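Working through the structure, step by step
Each chain is listed here by its residues.
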Amino acid sequence: MTALILRDVRLAARAGGSAMLALAFFAAVATLVPLGVGADLRLLARIAGGVLWVAAMLAALLALDRLFQADFEDGSLDVIALGPLSLEQTSFAKIAAHWLTTGLPLTILSPLLAVLFGLPSQAIGALFLSLLIGTPAVSAIGAIGAGLTLSIRRGGLILPLIVLPLLSPAVIFGAGTVLSALDGLRNGALPLLTAFSFAACVLSPFATAAAVRLNLGS
Amino acid sequence: MFRDLSFSVENGKALCVEGANGAGKTSLLRVLAGFVSPMAGDIHLQIDGGKISDPEQRGDFVGWLGHQDAVKPQMSVREVLQFYAALYGSGGAIDSALDAAGLTRLSDLPGQYLSAGQKKRVSLARLLVCKRPLWLMDEPLASLDTAGKKIAAGLIEAHCAAGGIAVVATHEALGIDCERLAL
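Let me sum up the structure you'll find in this document. Position numbers for residues count from 1 along each chain, tracking the sequence in the order it is written. Whichever chain is written first is A, and whichever ligand is written first is 1; the rest continue in order. Totals for whole chains, interfaces and linings use every residue, but because this is a predicted model, local features are given only for residues with pLDDT of at least 70 and side-chain atom pairs only at 80 or more, for both listing and counting.

Moving on: the overall build of chain A. Each helix is a run of DSSP H or I of at least 4 residues and each strand a run of E of at least 2, with the numbering of both proceeding from the N terminus. Scanning chain A for helices and strands turns up ten helices and zero strands. Listing each helix as α and each strand as β along chain A from the N terminus yields α-α-α-α-α-α-α-α-α-α. When its C-alpha atoms are laid out on the principal axes, chain A stretches across 55 × 35 × 30 Å. Counting other C-beta atoms within 10 Å of each residue's C-beta, where C-beta atoms are placed from the backbone, gives the exposure class: buried for 20 or more, exposed for 12 or fewer, partly exposed between. Taken across its 218 residues, chain A has 51% of its residues classed as buried. Considering only contacts in chain A between residues 6 or more positions apart, those separated by 24 or more positions represent 81%. By definition, residue pairs are in contact when their C-beta atoms, positioned from the backbone, come within 7 Å.

Here it is, written out as structure tokens:
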């Protein structure tokens, strides 16, 4: 399994890979919003959690459609499927690699971008923590969509339609975490986000494997 | 696609599956590999007296060479083979596989610079590295030059001589001793 994760991380990091693309997209969107909204720092701080969460999620989605499709098209997926890993383990490895190359870098970049929104430091901590906990759910649920659309040409266009509604709890709880930190309230959203993310990561490999199996047999 | 099809292949034998375009050669290989379940009938793998009928378990014995070559444009030939050796946990020797497929000179070249025939050679080397007993090969001679075809036939022959099985879907004569199945 480590071999597969390492290969996917390496592919994402090389030329034509998706890691830098997602980061650049995230940074561009997060920079444009303050320019569009204007210099009202209190307003910016209130919307920062929501905007950064949505931007991070869209950035992570950019790379998702190729999660299985690239391997499907060049025949690698057939060879990987016949290897000793089950499709469930393969799906888990793919999700882990996707998170390591998009979710994690986005999380690390987020405090820097939060400064553009004038977020106070305790809220920046909450944003960082919520992204760290929540982005694995984005990769996990996104993988189900990637598995379902892997044999569809331009499947990347349908993928967000399948995945985004399923990810609304992550945005609600993620942005909620930042808001309650901003207001100095007790944080009720973070445990819910953790539960959602955990459930997504545990269940998604099975759903993803079923979707991939369906497509391999067609 | 096809019906009333029955055949068996023993250790050390190669089976050539022949048929016109669209006759179902690739489909038959995908059924054998366990990707597709047959509408009716079953497939068994007999190993040391035990019988395996579960398609996923059967997959653990299959070495696959498909239409596509599973070569990544961003990875060098050696990296591709190292990845599959690690994934399959086979401990297959990379250098000897590269040598057997005539790829030693190209080992550090990224996949994007390889020709179709060179990619096919990488697939052959991958079969050696993965060390599976049942080779399922879909048009292994396609896009290979004369020397490459000789190498492919030689590898299949050596695999069978070592007790392996090869099921080969092909239009061209392999030039080795094999049983034939016409679809």
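With that settled, consider the environment of L112(A). Here L112(A) shows up in helix 6 (residues 87–116). For L112(A) and I141(A), which are 29 residues apart along the polypeptide, the C-alpha to C-alpha distance reads 27 Å.

To continue, consider the sheet that holds strand 7 (residues 179–182) of chain B. All names here are of chain B. In this analysis, strands are considered paired if DSSP registers two or more bridges between them. Taken in spatial order, the five strands make up an open sheet running 4-5-6-1-7, and their pairing is parallel. Both edges of this open sheet fall to strand 4 (62–65) and strand 7, since each of them pairs with a single strand only. Between one strand axis and the next, the sheet turns by 15° as a mean value, whatever way the strands run. The sheet contact formed by strand 1 (residues 14–18) and strand 6 (residues 165–169) spans four bridges and is parallel. Bridge pairing links V17 to A169 in strand 6. For helices, the fitted line uses only the C-alpha atoms of the stretch in contact; every axis is such a line through C-alpha atoms, and the angle between N-to-C directions lies from 0 to 180 degrees.

Every contact between the two is made by 18 residues of chain A and, on the other side, 21 residues of chain B. At the level of secondary structure, the elements contributing two or more residues to the side of chain A that touches chain B comprise helix 1 (2–13) and helix 5 (76–81) of chain A. Think of it as three bins: nonpolar holds Ala, Val, Leu, Ile, Met, Phe, Trp, Tyr, Cys and Pro, charged holds Asp, Glu, Lys and Arg, and polar takes everything else, Gly as well. Looking at the side of chain A that touches chain B, its residues break down into nine nonpolar, five polar and four charged.

Turning next to helix 3 (residues 41–62) of chain A. All names here are of chain A. Across its 22 residues, helix 3 extends 29 Å between first and last C-alpha, which sits within 8% of the 32 Å expected from 1.5 Å per residue. Bend is computed residue by residue as the angle between axes fitted to the seven residues ending at the residue and the seven residues starting at it. Of all the bends in helix 3, the largest measures some 50° and sits at I47. Each element contacted by the buried residues of helix 3 is listed here: helix 2 (19–37), helix 6, helix 7 (121–148), helix 8 (155–166) and helix 9 (168–182). By this rule, a helix spans an expected 1.5 Å times one less than how many residues it contains.

All names here are of chain A. As a packed pair, helix 3 and helix 7 sit with axes 10 Å apart at the nearest point and diverge in direction by 35°. Here helix 3 runs over helix 7; the crossing is right-handed. Counted together, G49, L52, A56, M57, A60 and L61 of helix 3 and L127, L131, T135, V138, S139 and G142 of helix 7 form the full contact between these two elements. The residue inventory of the contact of helix 3 with helix 7, partitioned by class, reads eight nonpolar, four polar and no charged. For any helix crossing, the convention is left-handed if the near helix is rotated counterclockwise from the far helix by under a right angle, and right-handed if that rotation is clockwise.

This brings us to the packing of helix 7 of chain A against helix 8 of chain A. Residues and elements named next belong to chain A. Contact geometry for helix 7 and helix 8: axes closest at 9 Å, N-to-C directions at 155°. On the basis of the axis angle, helix 7 is roughly antiparallel to helix 8. Considering only the axes of helix 7 and helix 8, their crossing is right-handed. Here helix 7 contributes I141, G142, G145, A146 and L148 to the contact with helix 8, which in turn contributes L159, I162, V163 and L166. Angle categories: roughly parallel below 35 degrees, roughly antiparallel above 145, roughly perpendicular from 65 to 115, and oblique for all the rest.

This part takes up the nonpolar core. Residues L52(A), A56(A), A60(A), Y84(B), A125(B) and L136(B) are the most contacted members of the largest nonpolar core, which totals 125 residues. In terms of residues, this core owes the most to one element, helix 7 of chain A, which gives 14 residues. Any nonpolar core is a set of buried residues, restricted to Ala, Val, Leu, Ile, Met, Phe, Trp, Tyr and Cys, that join up through C-beta atoms within 7 Å.

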